[in-house]
Amino acid sequence: MKIHAIQTGFVRIKTAQVEGRGVGLRRRLAVFTDSHWTEWLPTYAWVVEHPEGVIVVDTGQGTHLLQTATSLHPYMRWEVRFRIAPDQELGPQLRALGIAPHDVTRVVLTHLHIDHDGGLAHFPRSEILVSRGELQAASGWIGRMRGYLPNRWPSWFNPVSLDLAPEAYGPFAASKRLTSAGDVVAVATPGHTAHHVSVLVENQGITYFLAGDTSYTQRLMLAGHVDGVCIDETVARATLGAIRHLAVDRPTVYLPTHDPESAARLANRSLVKQNGSEGSGGPERF
Ligand SMILES: [Zn+2]
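Not measured: the values here are computed from a predicted model.

Novice: Account for the pattern of salt bridges, naming residues and giving values.
Specialist: If you walk through the whole model with that rule in mind, you get eight salt bridges. Linking Arg 27 and Glu 233 is a salt bridge whose minimum nitrogen-to-oxygen distance equals 2.6 Å. Here Arg 27, found in helix α2 (residues 24-33), pairs with Glu 233, found in helix α8 (residues 233-249); they are 206 residues apart in sequence, far enough to count as distant. What makes Arg 27 buried here is its relative accessible area of 2%. For the salt bridge of Arg 132 with Asp 163, the shortest nitrogen-to-oxygen distance reads 2.8 Å. Taken together, the positions of Arg 132 in helix α5 (residues 132-138) and Asp 163 in the loop between β7 (160-161) and β8 (175-177) put the pair 31 residues apart, joining distant regions of the chain.

And the structure:
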């Protein structure tokens, strides 16, 4: 089994989105009043070459996101900037790895934010898995008002519902095995969105935690610090605690979508360490 980190361009957001300030509505408004931008951050998609077939987790950015600068939606117009060239989309990068997009058996989306579903058009023949609640939240005009882009989904987009079972997987309350071998598992990681999922890949004694946007960096996960746009602060904080709990129980490589360190962490198999300089003082227990 091999896992690839594929960078699909860059994104810049406000620093108050990465690290939430204040609580409740104040926290969410802070994203709009903050005048400080992050550096250009990577947007990763993940490709798992598995004996049962190629699995893609998140599809990254598409060049259509360059048009958000003229969007009528206030978040897209004022609070986010993208950089991506056509050959940085996931389809061309897969081909460069020798993987034809139609060889991808399954695409799993952690959530449907615009920088995670932007490469869907490359996968018309793959089974696409999205949690039912996330699809509902992102659909239609309500979804557009929430900042999703359902109008950019391919016309054939009709994902299979990723219904997690109330079956605990380590500290996570709900899960679903995605391979017969049981070594690729979706777990519920709510908070950033209400139905956000993460994908865990078990390989040679290490758990690779494909985290989506559970946090923007490993440091913020260890600190238990929620972001500026998450739907529910308490739930998001509990999810970060569950991730720390998992990382105590088993060797874990934590891979958020926008963490500039994610690719190096994957390449070096750098495990989450909770007693070093980044330590949080220990995991929360449930
Ligand atoms: Zn997101």
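Novice: Describe the sheet that holds strand β4 (residues 80-83), and please don't skip the residues or the numbers.
Specialist: The strand order across the open sheet built from seven strands is β4-β1-β2-β3-β5-β6-β7, with neighbouring strands paired in mixed fashion. Taken across any chain shown, the strands that pair with only one partner, and hence form the sheet edges, are β4 and β7. Both strand β3 (residues 53-57) and strand β5 (residues 104-108) contribute to a ladder of four bridges, which runs parallel. The residue bridging Val 54 from the neighbouring strand is Val 104, located in β5.

Novice: Go over the sheet that holds β8 with me, naming the residues and quoting the values.
Specialist: What the five strands build is an open sheet, ordered β8-β9-β10-β11-β12; its pairing is mixed. On the outer flanks of this sheet lie β8 and β12 (252-256), each paired with one strand and no other. For this sheet, the mean inter-axis angle between neighbouring strands, taken without regard to orientation, is 20°. The pairing of strand β10 (residues 197-203) with strand β11 (residues 206-212) spans five bridges and is antiparallel. Bridged to Asn 203 within β11 is Ile 206.

Novice: Can you explain unusual backbone geometry? Please cite residues and give values.
Specialist: Glycine aside, a negative phi is what most residues show, and trans is what most peptide bonds show. Even without being a glycine, Gln 204 presents a positive backbone phi close to 50°. By secondary structure assignment, the location of Gln 204 is in the loop between β10 and β11. The phi dihedral of Arg 269 falls on the positive side, at around 50°, and the residue is not glycine. By secondary structure assignment, the location of Arg 269 is in the segment after α9 (262-268). Given the relative accessible area of 48%, Arg 269 is considered partly exposed.

Novice: Tell me about the packing of aromatic side chains, residues and numbers included.
Specialist: Evaluation of the coordinates by the stated rule reveals four aromatic pairs. On the numbers, 4.9 Å between centres and 55° between planes, the contact of Trp 153 with Phe 157 is tilted. Across the pair, Phe 157 and Trp 153 agree in class, each one buried. Both rings, one in Phe 209 and one in Tyr 254, keep their centres 5.7 Å apart while their planes meet at 55°; by these two values the pair is tilted. With Phe 209 in strand β11 and Tyr 254 in strand β12, this residue pair connects regions lying 45 residues apart in the sequence. Among the aromatic residues, those joined into a ring-pair cluster are Phe 172, Phe 209 and Tyr 254. The cationic tip of Arg 83 hangs over the ring face of Phe 10; the distance from NZ or CZ to the ring centre is 4.6 Å.

Novice: With reference to specific residues and values, describe the pairing of strand β6 (residues 127-130).
Specialist: Taken together, the three bridges between β5 and β6 define a ladder with parallel strand orientation. Across the sheet, the residue bridging to Val 107 is Ile 128, located in β6. Here β6 pairs with β7 via two bridges, running parallel. Paired with Val 130 across the bridge in β7 is Ser 161.

So, how was this worked out
- Residues numbered from 1 in each chain as written.
- Predicted model: local features only at pLDDT ≥ 70, side-chain atom pairs only at ≥ 80, totals over all residues.
- Heavy atoms only, no water.
- Salt bridge = Lys/Arg side-chain N within 4 Å of Asp/Glu carboxyl O.
- Helix = DSSP H or I, 4+ residues; strand = E, 2+ residues; numbered from the N terminus.
- Buried < 20%, exposed > 50% of the residue type's maximum accessible area, 1.4 Å probe, protein only.
- Pairing = 2+ DSSP bridges.
- Axes fitted to C-alpha atoms, helices over the stretch in contact; angles between N-to-C directions.
- Phe/Tyr/Trp six-rings, centres within 6.5 Å; stacked < 30°, edge-to-face > 60°.
- Lys NZ or Arg CZ within 6 Å of the ring centre and 35° of its normal.

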